[in-house]
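# Observations on chain architecture
Chain residues, written in single-letter form:
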Amino acid sequence: MCSVGGPMDIEIEERLNAKTYKCKDCQGTFKGIGKNIICPSCGSDNVSESV
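What comes next concerns the included structure. (Residues numbered from 1 in each chain as written. Predicted model: local features only at pLDDT ≥ 70, side-chain atom pairs only at ≥ 80, totals over all residues. Heavy atoms only, no water.)

### A short note on unusual backbone geometry
Defined as follows: Every helix listed is a DSSP run of H or I at least four residues long, and every strand listed is a run of E at least two residues long, numbered separately from the N terminus.
Of note, Gln27 is a non-glycine position whose phi angle comes to about 70°, a positive value. By the secondary structure assignment, Gln27 is in the loop between strand E1 (19–23) and strand E2 (29–32).

### Details of the pairing of E2
Looking along a regular strand, one sees side chains alternate from face to face of the sheet. Stated formally: Exposure classes here rest on a 1.4 Å probe applied to the protein chains alone. A residue is buried below 20% of its type maximum, exposed above 50%, and partly exposed in between. Pairing between two strands is assigned when DSSP locates at least 2 bridges connecting them.
By the alternation rule, side chains of E2 split into Phe30 and Gly32, which are all buried, and Thr29 and Lys31, of which none is buried. As defined by bridge partners, E1 adjoins E2 across 4 bridges and the pair is classed as antiparallel. Bridge pairing in E2 places Lys19 opposite Gly32. What sits between the antiparallel neighbours E1 and E2 is a turn of 5 residues, in which Gln27 has the positive phi angle 70°.

### Notes on the sheet that holds strand E3 (residues 47–49)
Just so we agree on the cut-off: Axes here mean lines fitted to C-alpha atoms, for a helix over just the part in contact, with angles spanning 0 to 180 degrees between N-to-C directions.
The sheet built from 3 strands is open, its strands ordered E2-E1-E3 with antiparallel pairing. The sheet terminates laterally at E2 and E3, the two strands that pair on one side only. Going from strand to strand, the sheet's axes swing by 40° on average, the running direction of each strand aside. Here 3 bridges tie E1 to E3, and the two strands are oriented antiparallel to one another. Across the sheet, residue Lys22 finds its bridge partner in E3, namely Ser48.

Written as C-alpha coordinates, this is what we have:
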(Lines give C-alpha, C1' and ligand atoms only; values in the text may rest on other atoms or scores of the structure.)
Protein backbone atom coordinates (compact mmCIF):
# COMPACT_ATOMS: atom_id res chain seq x y z
CA MET A 1 0.00 0.00 0.00
CA CYS A 2 1.31 3.42 -0.90
CA SER A 3 0.53 6.62 0.98
CA VAL A 4 1.41 10.00 -0.50
CA GLY A 5 1.53 13.16 1.59
CA GLY A 6 2.25 11.77 5.04
CA PRO A 7 1.32 8.93 7.34
CA MET A 8 -2.08 7.30 7.26
CA ASP A 9 -4.44 8.32 10.06
CA ILE A 10 -5.65 5.00 11.46
CA GLU A 11 -6.49 4.33 15.06
CA ILE A 12 -5.54 0.66 15.31
CA GLU A 13 -7.53 -0.05 18.45
CA GLU A 14 -10.72 1.51 17.10
CA ARG A 15 -10.80 0.32 13.48
CA LEU A 16 -9.09 -3.05 13.66
CA ASN A 17 -9.65 -5.84 16.13
CA ALA A 18 -6.43 -5.40 18.10
CA LYS A 19 -5.92 -7.93 20.87
CA THR A 20 -3.87 -7.58 24.03
CA TYR A 21 -0.88 -9.90 24.31
CA LYS A 22 1.63 -10.70 27.04
CA CYS A 23 5.22 -11.69 26.37
CA LYS A 24 6.26 -14.83 28.24
CA ASP A 25 9.93 -13.80 28.12
CA CYS A 26 9.98 -10.16 29.30
CA GLN A 27 6.43 -10.04 30.80
CA GLY A 28 5.56 -6.96 28.71
CA THR A 29 1.98 -6.37 27.56
CA PHE A 30 1.05 -4.80 24.24
CA LYS A 31 -1.67 -4.68 21.59
CA GLY A 32 -1.25 -6.37 18.24
CA ILE A 33 -3.01 -7.71 15.18
CA GLY A 34 -2.19 -10.50 12.77
CA LYS A 35 -0.94 -14.07 12.99
CA ASN A 36 2.77 -13.75 13.78
CA ILE A 37 2.81 -11.55 16.87
CA ILE A 38 6.23 -10.38 18.09
CA CYS A 39 6.90 -8.50 21.33
CA PRO A 40 7.93 -4.92 20.51
CA SER A 41 10.14 -4.72 23.62
CA CYS A 42 12.35 -7.79 23.27
CA GLY A 43 11.51 -9.20 19.81
CA SER A 44 10.35 -12.58 21.14
CA ASP A 45 7.56 -14.53 19.48
CA ASN A 46 6.85 -16.36 22.77
CA VAL A 47 3.61 -14.45 23.45
CA SER A 48 0.09 -15.36 24.53
CA GLU A 49 -3.22 -13.56 24.24
CA SER A 50 -3.98 -11.78 27.49
CA VAL A 51 -7.40 -12.17 29.04
